[in-house]
Amino acid sequence: MSQNGTPLIEVRNISKFFGSVIALSDVSMAVRAGEVMCLLGDNGAGKSTLIKTLSGVHRPDEGQYLVEGEQVHFNSPRDALDRGIATVYQDLAMIPLMSISRNFFLGSEPTRGGWGPFKRYDVKFSDRVAREEMLKMGIDVRDPAQPVGTLSGGERQCVAIARAVYFGAKVLILDEPTAALGVKQAGVVLRYVAQARARNLGVILITHNPHHAYAVGDRFTILKRGRTFGTFTKAELAREEMVRMMSGADELDALSHELAEFARADSGAGEELGEAERHLAQALEESEEVFSHGLEE
Ligand SMILES: Nc1ncnc2c1ncn2[C@@H]1O[C@H](COP(=O)(O)OP(=O)(O)O)[C@@H](O)[C@H]1O
Ligand SMILES: [Mg+2]
């Protein structure tokens, strides 16, 4: 499948309502094989609702959902999984005390010998496959029998991703996989995301970190209060612009102006507000400094 072929998944003008809350409104986007699509937006923007719709947890109230060009109506995550759409949530469904390979095969345990109660979980097979699959993605797990809890957060994310790839995922949806990780561990996960793309999967990556998004993203869909700003290629979206959008610098700017207005309107309270305003201006400067430092690395 080429990158310019039919999208692996596509939504057209979908909306999702929770009572009077409009979680998604008229959202369209597509993901193709061999690309990383980053989903960006503030808290409450609708990111989770969108991926839950894609992964069969929610049904859209309006609009169309197409998988490889064919309209689908998923009733459960199982339906999505059967079509090769795998979602890795931030709170991974893993059992820390169980081995890496056992977690790798959780819910799909390979067995050998006999039938029914005489079937046995095939340890050798699962150890070998888990190790091979992790290695294919560039992580050398020397002992797949070690508890998954002994792995770092980044490596655990990688086990979940390798598992999805092994079980035939075509689309990988990752909800904030780097949120709780340090720089080095985030790097491990991002490299893995790039590996999945190299193996021609379509990846949807949700992240709050503009540097992570920019490092692996090919296209960027921006959500704001349930609506899309549109989808941009890397070339169309300057990194500075994205950093600014995601850092909330615009909101801080607006707030700081608002406070200045208050201060002018009520000179009695002006003293205190002036102080708050100075703090904000400082916070704004600092946040820009942090981000521009990030840009130079
Ligand atoms: N199950 C639900 N019931 C009611 N409101 C919901 C539900 N899920 C999400 N929402 C609302 O929909 C909006 C989008 O939420 P969400 O998709 O979680 O945003 P994000 O993941 O971008 O932070 C929010 O206003 C949220 O409160
Ligand atoms: Mg969310």
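Computed from a prediction, not measured in an experiment: that's the story for all the values here.

(A) View of the sheet that holds strand 11 (residues 219-224). Across the sheet, which stays open at both edges, the six strands sit in the order 6-9-10-3-11-12 with mixed pairing between neighbours. Both outer strands of the open sheet, strand 6 (85-88) and strand 12 (227-233), are each paired with one neighbouring strand and no more. For this sheet, the mean inter-axis angle between neighbouring strands, taken without regard to orientation, is 15°. Of the strand pairs in this sheet, strand 6 and strand 9 (residues 171-175) are connected by four bridges, and their pairing is parallel. Note that in strand 9 the partner of threonine 87 across the bridge is isoleucine 173. Its contacts with the sheet place helix 1 (residues 47-54) against strand 3 (35-40), strand 6, strand 9, strand 10 (202-206) and strand 11, and it is angled at close to 150° to strand 9.

(B) Examining the sheet that holds strand 5 (residues 70-71) more closely. Ordered by their spatial adjacency, four strands build an open sheet running 2-1-4-5, and the pairing between neighbours is antiparallel. A strand with exactly one partner marks an edge of an open sheet, and here the two such strands are strand 2 (21-31) and strand 5. Note: strand 4 (residues 62-67) against strand 5, two bridges, orientation antiparallel. Looking at strand 5, one finds that leucine 66 is bridged to glutamine 71.

(C) Structural detail: the packing of helix 5 (residues 153-166) against helix 6 (residues 183-198). Across the interface, helix 5 lies against helix 6 with an axial gap of 8 Å and an inter-helix angle of 15°. The angle between helix 5 and helix 6 places the two elements in the roughly parallel class. In this structure, the crossing between helix 5 and helix 6 has a hand that is right-handed. Contacts between helix 5 and helix 6 involve Gly153, Gly154, Glu155, Gln157, Cys158, Ile161 and Val165 from the first element and Gln185, Ala186, Val188, Val189, Tyr192 and Ala196 from the second.

The rules behind these values
- Residues numbered from 1 in each chain as written.
- Chains lettered and ligands numbered in written order.
- Predicted model: local features only at pLDDT ≥ 70, side-chain atom pairs only at ≥ 80, totals over all residues.
- Pairing = 2+ DSSP bridges.
- Helix = DSSP H or I, 4+ residues; strand = E, 2+ residues; numbered from the N terminus.
- Axes fitted to C-alpha atoms, helices over the stretch in contact; angles between N-to-C directions.
- Contact = placed C-beta atoms within 7 Å.
- Parallel < 35°, antiparallel > 145°, perpendicular 65-115°, else oblique.
- Left-handed = near helix turned anticlockwise from the far one by under 90°.

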